[in-house]
Every structure is written in C-alpha cells, then in structure tokens.
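Now for the letters of each chain:
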Amino acid sequence: GAVVSQHPSRVICKSGTSVKIECRSLDFQATTMFWYRQFPKQSLMLMATSNEGSKATYEQGVEKDKFLINHASLTLSTLTVTSAHPEDSSFYICSAKAGELFFGEGSRLTVL
Amino acid sequence: GEDVEQSLFLSVREGDSSVINCTYTDSSSTYLYWYKQEPGAGLQLLTYIFSNMDMKQDQRLTVLLNKKDKHLSLRIADTQTGDSAIYFCAEGEGGKLIFGQGTELSVKP
C-alpha cells in the first residue's frame, strides 16, 4: 500500500531554535497533506492542511507564523516549528490521501 | 463543534474478545474509522465503515454502527498480546478527521 514517511523520527532542540520536519509520500503524489499534533496520552488534533503550490490552511488556534508549512512538490510537505519552546514538545504526525488516508510514523519533538 | 469520545482504558485476557466503544456527535460523516497506534509509532488504519451500514466484519474485527445513538464499536475476537496498542475512532471527510482520545488496550497473557 501507499507509504508516507516522516523525518526525523525524533529531534531534540534548544528553546528558541527552529526545527524542520519532513513528510514524504513515497509511492504516490499528494496534492494535499495534513499535519496533526498529539500530546502525550491525548488524541490527535488537526493543525493544518498543506496544499501543493499554495498556502496552507490552518485550523483555529494554530499560529501560522509559528508553524510554517511548505508544500513545494507533490511528494513533500515540510513543517517548521519556529522559535520552539518547551510547550511545543509533542508528537507531530502527517498524513496524505491515496484512496484511504495514510499516516507517517510521526516525529517526536522535544524542546529543552 | 464535533466531538468524539472513547473510554481511556481496556484490559482483557489473551484469547478473550475486546470491545472498544466510541460515541460521536457529527451525524453527517460519510465514513467512521478505527485506527491502531503502537508505542512511538504513527497510525495504522484498521477498518472503516460506511455510514449507511450497521455492521462490517473483517477477519477478527467487527465494527458495529448505531447511527441513531451515534455509537460505534470495535470488537476484536481472540485478542492477542500483539493487539496491545491504543485504538482511535475517528470521523470526518477527506483528510480532516476528528479523533477520539484513544482507548489503551492491554492484553494480559
């Protein structure tokens, strides 16, 4: 089946730095990808919809200047957490639709 | 807004059946889903049910949908230790899904 891959799977950074997470569709083209965030022991919350060649659509309450999304090609979307703070520590999961919705393995961000 | 609710924990013995329950509020969803998440991993689609169906069976998995009560359940027959994970129900359209909090299934040998 279709595969969605994320990189890195784990990242630790210092407070105030920026971190980029990549989401790739490996064997299909995805004009739309979705970014979710999951806090420990909690559900996934949709953050934004990434659209190839156009601006991302953010859910209510998600700061677009803090969570920069770029979808420059049909197989790659990136999420950059800018000026990261400890409260941004979370599990970030992307997904893309190829018939059904496929999820990446997730990227665990820890901000010290 | 839309909401999806699940119980947080379920513990069963190996070989027993597990039933994970979910309630939702948005009756307009075309599909309802069950996902499995193993520790530190992404989500794996287990099964889904079309909103005009009452039941769907797929090997050890049985999904029951009660549209009137907006209640969805996942039954896992002959539960194995490898089934230990967090199970999420979700509703929505396209890629914009609303997830429940997840039910942590613990299978004891």
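In this report, the structure presented in the accompanying data block is examined. For every chain, the first residue of the written sequence is number 1, and numbering continues from 1 onward in sequence order. Chains and ligands are labelled sequentially in the order written, the chains with letters from A and the ligands with numbers from 1. Confidence filtering applies because this is a predicted model: local features only for residues at pLDDT of at least 70, side-chain atom pairs given and counted only at 80 or more, and all residues used for totals across whole chains, interfaces and linings. The side-chain figures draw on all heavy atoms in the structure; neither hydrogens nor water molecules are used.

Some remarks on the state of the cysteines
Part 1 of the argument: The disulfide definition used here is simple: a pair of cysteine sulfur atoms within 2.5 Å. Counted according to the given criterion, the structure contains two disulfides over all chains.
Part 2 of the argument: Paired through a disulfide, C23 of chain A and C94 of chain A show a sulfur-sulfur distance of 2.0 Å. Looking along the S-S bond of the C23 of chain A-C94 of chain A disulfide, the torsion reads about 80°, which is the right-handed sense. Residue C23 of chain A is found in strand β3 (residues 19–25), and its partner C94 of chain A is found in strand β9 (residues 90–98); the two are separated by 71 residues along the sequence. You'll find C23 of chain A and C94 of chain A in the same group, each marked buried.
Part 3 of the argument: Two residues, C22 of chain B and C89 of chain B, share a disulfide whose sulfurs are 1.9 Å apart. The S-S bond linking C22 of chain B to C89 of chain B shows a torsion near 70°; that makes this disulfide right-handed. Of the two residues, C22 of chain B sits in strand β3 (residues 18–24) while C89 of chain B sits in strand β9 (residues 85–93), which places them 67 residues apart along the sequence. The exposure classification of C22 of chain B matches that of C89 of chain B, with both residues buried. Runs of H or I in DSSP of at least four residues are treated as helices and runs of E of at least two as strands, each being numbered from the N terminus. Exposure is judged per residue with a 1.4 Å probe applied to protein chains only, and the accessible area is read against the type maximum: over 50% gives exposed, under 20% gives buried, and values in between give partly exposed.

Quick notes on the environment of K14 of chain A
Residue and element names in this part refer to chain A.
Part 1 of the argument: Inspection of the secondary structure assignment puts K14 in the loop between β2 (10–13) and β3.
Part 2 of the argument: Relative accessible area serves as the criterion here: at 64%, K14 is assigned to the exposed category.
Part 3 of the argument: Sequence spacing of K14 and L68 is 54 residues, and the spatial spacing of their C-alpha atoms is 18 Å.
Part 4 of the argument: Non-local contacts of K14, meaning those with residues more than four positions away in its chain, are made with A84, V111 and L112. The contact definition used throughout considers only heavy atoms, calling two residues in contact when any of these lie within 4.5 Å.

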